[in-house]
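The lines below spell out each chain.
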Amino acid sequence: MAEAPSLVEQARDLAAAFLNGMRRQDLATMVLAGGGDDFPEVLTAMALLEAQAVRSERHEAALRAYADAEFWDDALPGGSLASHDKGEMARNVLMGRPPFFHRD
């Protein structure tokens with residue numbers, strides 16, 4: 001199975017697509033070859049991809065917790081974790097915070 005492209009490779013692809021759309025095939029070719037990592041188009045694409053990756057990681061962490069059978073286990077001392085959570089992890093993630101956000 002082929003390895004997924006790295007963030008920088010994805011950023012290069014996005015920047016190259018943008019540059020091709022601007023009819024700058026010369027710059028797109030340079031970016032795809034790795035010679036334009038300091039271009040604003042590549043840096044912007046990288047920042048956007050990194051932000052999306054962080055957001056996805058938070059969502060996946062909350063989903064893993066909610067998918068765990070023990071989260072819903074009423075036999076736990078004090079009741080299920082779900083009965084204490086009441087959707088707080090989901091609200092935290094939707095507000096851009098980690099699933100287990102504590103104010104203290």
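As a reminder, the structure under discussion sits directly above these lines.
Calculation rules
- Residues numbered from 1 in each chain as written.
- Predicted model: local features only at pLDDT ≥ 70, side-chain atom pairs only at ≥ 80, totals over all residues.
- Heavy atoms only, no water.
- Helix = DSSP H or I, 4+ residues; strand = E, 2+ residues; numbered from the N terminus.
- Buried < 20%, exposed > 50% of the residue type's maximum accessible area, 1.4 Å probe, protein only.
- Polar contact = N/O pair within 3.5 Å; in protein donor to acceptor, adjacent residues only side chain to side chain.
- Contact = heavy atoms within 4.5 Å.
- Axes fitted to C-alpha atoms, helices over the stretch in contact; angles between N-to-C directions.
- Parallel < 35°, antiparallel > 145°, perpendicular 65-115°, else oblique.
- Left-handed = near helix turned anticlockwise from the far one by under 90°.
- Expected span 1.5 Å × (residues − 1).
- Arc of directions from axis to C-beta.
- Nonpolar A, V, L, I, M, F, W, Y, C, P; charged D, E, K, R; others polar.
- Phe/Tyr/Trp six-rings, centres within 6.5 Å; stacked < 30°, edge-to-face > 60°.

(A) Seen up close, the side chain of Asn-92. In this structure, Asn-92 sits in helix 5 (residues 88-94). Since its relative accessible area comes to 3%, Asn-92 is described here as buried. Side-chain polar atoms of Asn-92 contact the side chain of Arg-97, separated by 2.9 Å. The residues contacting Asn-92, other than those within four sequence positions of it, are Arg-97, Pro-98, Pro-99 and Phe-101.

(B) Highlighting unusual backbone geometry. Within the chain, Arg-23 stands out as a residue other than glycine whose phi angle is a positive 60°. Looking at the secondary structure, you find Arg-23 in the loop between helix 1 (7-21) and helix 2 (25-32). In this structure, Lys-86 is a non-glycine residue whose phi angle is positive, near 50°. Looking at the element boundaries, Lys-86 is found in the loop between helix 4 (81-85) and helix 5. Owing to a relative accessible area of 62%, Lys-86 belongs among the exposed residues under this scheme.

(C) The packing of helix 1 against helix 3 (residues 40-67), seen in detail. Viewed as axis vectors pointing N to C, helix 1 and helix 3 meet at an angle of 130°, and their least axial separation amounts to 8 Å. Taken as axis vectors, helix 1 and helix 3 run oblique relative to one another. Note that helix 1 runs across helix 3; the crossing there is right-handed. For the pair helix 1 and helix 3, contact is made by Leu-7, Val-8, Gln-10, Ala-11, Leu-14, Ala-15, Phe-18 and Leu-19 and by Glu-41, Val-42, Ala-45, Met-46, Leu-49 and Glu-50, respectively.

(D) Inspection of helix 1 at higher detail. Over its 15 residues, helix 1 runs 21 Å from end to end, which matches the ideal 21 Å to within 8%, given 1.5 Å per residue. Listed as buried for helix 1 are Ala-11, Arg-12, Ala-15, Ala-16 and Leu-19. End-on view of helix 1: buried residues confined to an arc of 135°, all on one side of the axis. Its buried side turned inward, helix 1 meets helix 2 and helix 3. Positive backbone phi, approximately 60°, marks Arg-23, located one or two places after helix 1.

(E) Highlighting the packing of helix 1 against helix 2. Running from N to C, helix 1 and helix 2 cross one another at 170°; their axes reach a closest spacing of 8 Å. Judged on the interaxial angle alone, helix 2 and helix 1 are roughly antiparallel. Residue-level inspection shows Arg-12, Asp-13, Ala-15, Ala-16, Leu-19 and Asn-20 of helix 1 in contact with helix 2, the latter providing Gln-25, Leu-27, Ala-28, Val-31 and Leu-32. Here the residues of the contact of helix 1 with helix 2 sort into 7 nonpolar, 2 polar and 2 charged.

(F) Quick look at the packing of aromatic side chains. A complete count under the given rule lists 3 aromatic pairs for this structure. Each ring, one from Tyr-66 and one from Phe-71, has its centre 5.2 Å from the other, and the planes form 85°; the classification is edge-to-face. The burial state of Tyr-66 is the same as that of Phe-71; both residues are buried. Each ring, one from Tyr-66 and one from Trp-72, has its centre 6.5 Å from the other, and the planes form 35°; the classification is tilted. Aromatic rings pair up to connect Tyr-66, Phe-71 and Trp-72 into one cluster.

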